[in-house]
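Structural features, examined
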Amino acid sequence: MTRIPHGTSGEPNPLEAFSLDQLRRRTSMKWRTYPEDVLPVWVAEMDVAPPGPVVRAVTEAMESGDTGYPAGTAYAEALAAFADKRWGWSGLAVERTAIVPDVMLGVVEMLRLVTGPGDPVVVNPPVYPPFYDFTRHADRRVVEAPLGAEGRLAPDVLERAFREATAGGGCAAYLLCSPHNPTGTVHTADELTAVAALAERYGVRVVADEIHAPLVYDGTRFVPYLSVPGGERGLSLMSASKAWNLAGLKAALAVAGPAAADDLARMPEVVGHGPSHVGILAHTAALRDATGWLDALLDGLDANRRLLTALLAEQLPAVRYRPGDATYLAWLDCRDLGLGDDPAEAFLRHGRVALTGGPPFGTGGAGHARLNLATSPEALTEAVRRMAAAVRAAGGARA
């Protein structure tokens, strides 16, 4: 399987389309949670101009009154074609897919298929906080297998967690975040093959959240979990929502490996009532017709990664930041700033800039904060300026 590098699109940087004043007119969570004097660089929404093909698909649906219930396999077909071209993976079978409302609700449904109430679900902290919230809401028990010191999967730690999870003889699942949120780590083929071997040895079912898969930078290869040897019993959740900023247009796909098709077939039919038909049209258009826009976005995000590195070195050298190979999220180690377990709280209070605090990400999250890079270079520069001002105002040491 060969990864196809993204090309030069010739399209403008989607991150530079709107001024701060224009962005403040938005009514979504990112722009309405905090007062207007707060600069938001927290939740996973992007400050972008939407792709033209997506705008046209939604506009045409509205103009023609095509606003009913979802039907067909166009979304899955578009994802399969994207996976083949982008990741060199031709194994995404449309007949082994199902539409779900969004990735996390899809995760819950997949966990219900392969585990029962009270069963353990292994996660790799620091990890996306809803992994804890949704798992517990589904009446499953979280077992942590923390990432290693370099932010990568630790096979020995994972094996101990699998052994603990299966010690009682019941069912167990592993909720894999790939690429990883918040670190931006892209798991290698060897790492994922080792995961599959461990899962087979201990009888653990793997459910992979691969929502950030389109957001992998040049020089790094994304490997779908279902493509690795031993991944045939896995289940994956994919969506265009993160890469094309479509969170408000609900739609995602559950994808089963060849040996998990019977599991997916047991998913209740009513789950497919949750996605938005207009959302499916938008996601399909993104995957099929807006890859040039995605390439321009990745170029803009890559420039922002480099800008953030320079800004931190200049203004907050005590913050440790290892740019991830995927996502538009930056995981900042702020422990040397002297701001306590939740530095985001100090950044907000003293600098009027909103980041996502680290503690809800589980073990390894204390003293960290997550910053959303998907904004203009000007806004990113202002965010770091405010963070540095907050450290000075809070009296943080070694800033």
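The structure under discussion appears in the preceding block.
Quick caveat, the model's predicted, so the values are computed rather than measured.

1. A few points about the overall build of the protein chain
When helices and strands are counted, the protein chain shows 13 helices and 13 strands. On C-alpha atoms alone, the protein chain measures out to a radius of gyration of 21 Å, which is about the 21 Å that the 2.2 N^0.38 rule sets for 399 residues. Dimensions of the protein chain, computed from C-alpha atoms along their principal axes, come out at roughly 60 × 55 × 35 Å. A total of 399 residues make up the protein chain; the buried ones form 58% of that total.

2. Considerations on the sheet that holds strand 4 (residues 141-144)
Read across the open sheet, the 7 strands follow the order 2-8-7-6-5-3-4; overall the sheet is mixed. Each having just a single partner strand, strand 2 (97-100) and strand 4 make up the two edges of the open sheet. Between one strand axis and the next, the sheet turns through 25 degrees on average, direction left out of account.

3. Some points on the nonpolar core
One finds Val 122, Phe 162, Tyr 174, Tyr 225, Trp 244 and Leu 297 to be the most contacted residues of the largest nonpolar core, which totals 75 residues. Ranked by residue count, the leading element in this core is helix 4 (residues 74-87), at 8 residues. Leave out the neighbours within four places in its chain, and Leu 297 touches Pro 14, Leu 15, Met 46, Val 48, Leu 215 and Ala 243.

4. Description of the sheet that holds strand 12 (residues 356-357)
Strands belonging to one sheet form pairs held by backbone hydrogen bonds; the direction of such a pair is parallel or antiparallel. Reading across the sheet, the 4 strands line up as 9-10-13-12 and stay open at both edges, with antiparallel pairing between neighbours. The open sheet has two free edges, formed respectively by strand 9 (320-321) and strand 12, since each of these has just one partner strand. Relative to strand 13 (residues 368-372), strand 10 (residues 329-333) runs antiparallel, the two being bridged by 5 bridges. The residue of strand 13 that forms the bridge with Ala 330 is Leu 371.

5. Re the packing of aromatic side chains
Scanning all chains against the criterion turns up 7 aromatic pairs. Aromatic pair Phe 82 and Trp 87: ring centres 5.5 Å apart, planes at 90 degrees, arrangement edge-to-face. Like Trp 87, Phe 82 is buried. Seen from their ring centres, Trp 331 and Phe 361 are 4.9 Å apart, and the 55 degrees between their planes marks the pair as tilted.

6. Here's the deal with unusual backbone geometry
The step from Pro 125 to Pro 126 runs through a cis peptide bond, and the omega angle for that step is 0 degrees. Mapped onto the elements, Pro 126 comes out in the loop between strand 3 (120-123) and helix 6 (130-137). Following Ser 178, the chain continues to Pro 179 via a peptide bond in cis, the omega torsion being -5 degrees. For Pro 179, the location among the structural elements is in the loop between strand 5 (173-177) and helix 8 (189-202). Despite not being glycine, Asp 139 has its phi angle at roughly 65 degrees, a positive value. Here Asp 139 shows up in the loop between helix 6 and strand 4. For Thr 327, which is not glycine, the phi dihedral falls at a positive 75 degrees. The topology assignment puts Thr 327 in the loop between strand 9 and strand 10.

What counts and what doesn't
- Residues numbered from 1 in each chain as written.
- Predicted model: local features only at pLDDT ≥ 70, side-chain atom pairs only at ≥ 80, totals over all residues.
- Heavy atoms only, no water.
- Helix = DSSP H or I, 4+ residues; strand = E, 2+ residues; numbered from the N terminus.
- Rg over C-alpha atoms; globule rule 2.2 N^0.38 Å.
- Buried < 20%, exposed > 50% of the residue type's maximum accessible area, 1.4 Å probe, protein only.
- Pairing = 2+ DSSP bridges.
- Axes fitted to C-alpha atoms, helices over the stretch in contact; angles between N-to-C directions.
- Core = buried A, V, L, I, M, F, W, Y, C linked by side-chain atoms within 4.5 Å.
- Contact = heavy atoms within 4.5 Å.
- Phe/Tyr/Trp six-rings, centres within 6.5 Å; stacked < 30°, edge-to-face > 60°.

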